[in-house]
Amino acid sequence: MNVNSVSSTFLLIAFFVYLLAFFLFVLSITGKRWSNRDPEQHTKQWGFVAFLTSVAGFACHVTFFFTRWTEGGHIPTSNMYEFMTFLGMMIMCAFLVVYLIYRTPVLGVFALPIGFIIIAYASVFPSEVQPLIPALQSYWLKIHVTTAATGEAFFGVGFAGGLMYLLRAVDYKGKTKVDKREQRGVELTLFFIFMLVAFIASIFTFNGSGYKAVFSKDAIVTNTQGVQETNHTTETYVLPPFVGPHGMKVDSMKPFLGMSEPLFSAPSWMEGASAGRKLNTVIWSILGGLILYGLARLVARKPIGAAIGPIVKGMDPEDLDEISYRAIAIGYPIFTLGALIFAMIWAQEAWGRFWGWDPKEVWALITWLFYAVFLHLRLSKGWQGKKSAWLTVIGFIVVMFTLVGVNLVIAGLHSYAGV
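Residues numbered from 1 in each chain as written. Predicted model: local features only at pLDDT ≥ 70, side-chain atom pairs only at ≥ 80, totals over all residues. Heavy atoms only, no water.

## Overview of the environment of Asn231
Looking at where Asn231 falls in the secondary structure, it is placed in strand 2 (residues 228–237). In this structure Asn231 comes out as partly exposed when scored by relative accessible area, which is 34%. In the structure, Asn231 is positioned 14 residues away from Lys217 in sequence and 8.1 Å away in space, judged by C-alpha atoms. (Helix = DSSP H or I, 4+ residues; strand = E, 2+ residues; numbered from the N terminus. Buried < 20%, exposed > 50% of the residue type's maximum accessible area, 1.4 Å probe, protein only.)

What follows is the structure, given as structure tokens:
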């Protein structure tokens, strides 16, 4: 058995142990109604078992990280697969730190899914160990990426705390305009989570079935010697193409629901690399999210927030607010060091400038400014409770766009982090 298979095995074990820990945390909260023990004692004991299970999963995850590092010869944070698995590991680390501070089992019900969804999302990308490109052959890869991801991990735990607060505080029985707006906001946040899960599920499903649609295009280009030659380009879809790439013909395509060719072609202004495929992925994610959310609504027979809200009804809202704030307060200086200061030093070494308005740099700055505003409003203006919780939710959506949207949709100097 080679090191790669060993590391992959440990990641798979970590994933399932995290799932087990999640269900144990759920049991610690919901199982007390069927237990003959004192409810508080039941929650404490099962919460401790769930915490130890989370530690075991984290240990497996760390083992995956270092065995992969051993095989590749460099820290495994150089592509989307490696970075997202590392981010998932740091989210679990951040959760364990915050849990040790507050000893709140319900936090595991909301924080652990963020971790294992991130790991599942990482599995969408190619997992082969790849040699470092020249731009990444620097010790700053260890320093910049790890600290930036650690800061983002604490933002993820802050998001979990903020979402818990909203589920605790939003009145799903209220009929006022404010109540309705808050209810829609929570449901929209949950829909984004369903959409990410649907994207992961659709990729796994069609990859497992071996689905592929291949498009090609021949173009006459002039090379550096001024000689015209034919440039043959191809584009491969792993999801059935509702939208095909602009200006390309179908080479091969497995039929899906009667489709033997794309329903639409990407508009002419979407001629960038893989633009049509990315638009198609967004469409699949939205459709899948709508289906999953609709099925969940049918099962629950009520808004999803109203269905899962009772889990946190016994929590003190001030404690939830404090958990969310403290997680972000810990993550912010770490993110400042990793995503801004260390990133600018590395940019100077790699590209000869501290700042260049690359899309990833811009969105890292937007993320930093957003959380700076959050902390300012929290500490100076007294924005606590719902206002603070909404900001933590919006902030993590900005983080996820910086990680996913910028890497996979917007081209830039950081495009090597994509698929």
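Back to the text.
## So, the packing of aromatic side chains
Tallied over the entire structure, the rule returns 30 aromatic pairs. A ring pair is formed by Tyr139 and Trp140, whose centres lie 5.4 Å apart and whose planes are at 35°; its orientation type is tilted. A relative accessible area of 46% means that Tyr139 is categorised as partly exposed. Each ring, one from Phe155 and one from Phe335, has its centre 5.4 Å from the other, and the planes form 55°; the classification is tilted. (Phe/Tyr/Trp six-rings, centres within 6.5 Å; stacked < 30°, edge-to-face > 60°.)

## Let's talk about helix 4 (residues 105–122)
In a regular helix each residue adds 1.5 Å, so 18 residues correspond to 26 Å; helix 4 covers 26 Å between its end C-alpha atoms and thus fits that length. The buried fraction of helix 4 amounts to 18 of the 18 residues, a majority that puts the element mostly inside the structure. (Expected span 1.5 Å × (residues − 1).)

## Brief notes about a positive patch on the surface
Positive charge collects at one region of the surface, where Lys175, Lys180, Arg181 and Arg184 lie side by side. For Arg184, the location among the structural elements is in helix 6 (residues 177–208). (Patch = residues over 30% accessible without salt bridge, like charges linked within 9 Å, V, L, I, M, F, W, Y side chains within 5 Å. Areas by Shrake-Rupley, 256 points an atom, 1.4 Å probe, with all protein chains shown as cover. Salt bridge = Lys/Arg side-chain N within 4 Å of Asp/Glu carboxyl O. Lys, Arg positive; Asp, Glu negative; His and termini not counted. Charge placed at Lys NZ, Arg CZ, Asp CG, Glu CD.)

## Focus: the side chain of Ser216
Here Ser216 shows up in strand 1 (residues 213–222). Residue contacts for Ser216: discarding those within four places in its chain leaves His232, Thr233, Thr234, Met248, Lys249 and Asp251. (Contact = heavy atoms within 4.5 Å.)

## Brief notes about helix 3 (residues 80–102)
Three- or four-residue spacings in an α-helix give side chains the same orientation, since the helix completes a turn every 3.6 residues. When the terminal C-alpha atoms of helix 3 are compared, their 32 Å separation across 23 residues agrees well with the 33 Å that a helix rising 1.5 Å per residue should span. Buried residues dominate helix 3, accounting for 18 of its 23 residues. Among the residues of helix 3, the N-terminal cap falls to Asn79, whose side-chain oxygen and the backbone nitrogen of Tyr81 are separated by 3.2 Å. Looking at the residues trailing helix 3, positive phi occurs at Arg103, about 50°. (Polar contact = N/O pair within 3.5 Å; in protein donor to acceptor, adjacent residues only side chain to side chain.)

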